[in-house]
Each structure stands twice: as C-alpha cells, then as structure tokens.
Amino acid sequence: MGIEPLIGVLGFVGTLLIVLVGLLNFSVFRKQLRIAKEQIDTAVRQLEIAQKQPDLYLIPRAVTETSNHLRLFVERPQLRPYFYSAAEWKPGDEVSLDEIRAMAELILNNFASALMHSAAFPEYPVRGVDRIIMFHLRRSPALREFLLGNFERFPFTGLTLLCLKNETKDQVEADLQQLIHEPGVDASELQRRKELLQLYRSGEVREPIEYTSFSMQRRR
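Parameters and conventions
Residues numbered from 1 in each chain as written. Predicted model: local features only at pLDDT ≥ 70, side-chain atom pairs only at ≥ 80, totals over all residues. Heavy atoms only, no water. Helix = DSSP H or I, 4+ residues; strand = E, 2+ residues; numbered from the N terminus. Buried < 20%, exposed > 50% of the residue type's maximum accessible area, 1.4 Å probe, protein only. Contact = heavy atoms within 4.5 Å. Areas by Shrake-Rupley, 256 points an atom, 1.4 Å probe, with all protein chains shown as cover. Salt bridge = Lys/Arg side-chain N within 4 Å of Asp/Glu carboxyl O. Core = buried A, V, L, I, M, F, W, Y, C linked by side-chain atoms within 4.5 Å. 1 Å grid on protein atoms, 1.4 Å probe; cavity = no way out; pocket = protein on both sides within 12 Å on 5 of 7 lines; lining within 4 Å. Points joined across faces, edges and corners; volume = space filled by probe spheres on them. Nonpolar A, V, L, I, M, F, W, Y, C, P; charged D, E, K, R; others polar.

Visitor: Can you tell me about the overall build of the chain, naming the residues and giving the values?
Guide: Counting its secondary structure elements, the chain contains ten helices and zero strands. The order of α-helices and β-strands along the chain, N terminus first, is α-α-α-α-α-α-α-α-α-α. Expressed as a percentage of the 220 residues in the chain, the buried residues total 31%. Within the chain, contacts between residues separated by at least 24 positions form 64% of all contacts whose residues are at least 6 apart in sequence. For the chain, the exposed surface amounts to about 13900 Å²; the carbon and sulfur share of it is 59%.

Now the structure itself:
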C-alpha cells in the first residue's frame, strides 16, 4: 500500500476514534447530568420534608393541647358533665368544687397555650382549635366562671377567650364592662381591660385569634 492511501486510512481511523471518544464523553456527560438531576430532586424533596416539619409537629401539639384533659375524664368521669353538659356544681355533688376549679384551670391553661401557638405559627390548625374552645366555653359554667374570676392570668388570650365564650358582640362588651368594674383590680390591669374594650369596639380586628396576635405583638 502506498503512503498516501495509508495516510488516508489512518486519517479515517483517527476521525473515527475522535467520534467514538466524543460519543463516549457525551454518554458520560449524560450520565453525570442524570446523576446531578437526581441529586437536585433529592435535595428538593429533603427541603420539602424540612419545610413540613413544623406542620407535622404543630398538628399533634394542637390535638394534645385541646384534648389533654380527656384522660382525667376517663379517670374521673364524674367531672365530665361540668365541662360538656352545662352542669353546675351543687352542695352534695359527688365531686368537690375544688376539683372542678382545678380542672377548669388546667383546661383553660391548655386552651391559652393553643391560642398563643395559633397566633404565632400560621401552620397551627386554628380552625379546629377555636371550635373546640368555643364548644367547651359555651357548655361549661365552671370554665366561664374561672375565666372571668382570673382574667388577669390570660394577658394574651383573654379577649379571644371572651369572644369564643359569647355569641354576640354585646355579650363580649358586657363581660369587659363587668371586668372593668370588678373591685380590687390594680391600676395596670384595669388599664389593660379598658384598652381591650376600646380595641374591641374599634372593630379593627375581625377574627378572635387576631386579638391574641395583637396582644402578643404589643408585649414584645
């Protein structure tokens, strides 16, 4: 074979090798691209899971805070009518008034915690929480009595609880007026109650939970 044909063959073989190497590199590039895409997809899924962690945590917390008292009703079923069936304590009842008041304090503290979490975290299932609180406040004289008698203990959630307790605006205002004229209230607490009445009358807030948000923001 002459030199020129040999050069031609070698050139063809060289070109073929270059093409093959290029194809191999392209195949490797596609594989690397696919791996990179899978890594990005995995990272996105992990980010989505991380973003959902607050939701996954807050939902069971809401359930716990609004139903933590149920185990006590299982242990002491005699207490249940005072918080579900509008029963009022009378001398001679099977349970003592102190037991009822202690249960009312526990339930309201849990409700206050749930409302504060609802105000602080948009992910908190407020709609379910407020309906549960409303149900119990409107069916339990013991809860209503404890709330009004210890209103200063609910600086962030007091007005929200009053709104959930009552069915009309006039009833909420009547409660606030009663609290303002209650004897023995110190000056700072009295001023707070007057400000709550002014805030409620202003109509600036539309949802009960917003009063808790407003009170928490003012205290920061």
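More follows now that the structure is in view.
Visitor: Tell me about the pattern of salt bridges, residues and numbers included.
Guide: Counted by the stated rule, this structure contains nine salt bridges. A salt bridge links arginine 193 to glutamate 182, with the shortest nitrogen-to-oxygen separation between them at 3.7 Å. Placement of the pair is arginine 193 in helix H9 (residues 187–202) and glutamate 182 in the loop between helix H8 (169–180) and H9, with a sequence separation of eleven residues. For glutamate 182, a relative accessible area of 28% translates into the label partly exposed. The salt bridge partner of arginine 193 is glutamate 189, with a shortest N-O separation of 2.8 Å. Here arginine 193 and its partner glutamate 189 are both found in helix H9, four residues apart, which amounts to about one turn of the helix. Each of the two residues, arginine 193 as well as glutamate 189, counts as buried.

Visitor: Can you break down the nonpolar core residue by residue, with the values?
Guide: By size, the foremost hydrophobic cluster in this structure holds 41 residues, and its most contacted members are Phe83, Leu108, Ile133, Leu159, Leu162 and Leu176. When contributions to this core are tallied by element, the ones reaching two or more residues are helix H3 (81–84), helix H4 (97–120), helix H5 (126–137), helix H6 (141–149), helix H7 (158–165), H8, H9 and helix H10 (208–219). Top contributing element to this core by residue count: H4, with nine residues.

Visitor: Can you break down the layout of surface pockets residue by residue, with the values?
Guide: Roughly 200 Å³ of internal volume is contained in the largest pocket. Lining the largest pocket are Tyr82, Ala87, Glu88, Trp89, Leu97, Ile100, Arg101, Ala104, Pro141, Ala142, Glu145 and Phe146. Looking at the lining of the largest pocket, the elements that each hand over two or more residues are H4 and H6. Across the lining of the largest pocket, the residue classes tally to nine nonpolar, no polar and three charged.

Function cannot be read off these values alone, since they describe shape.
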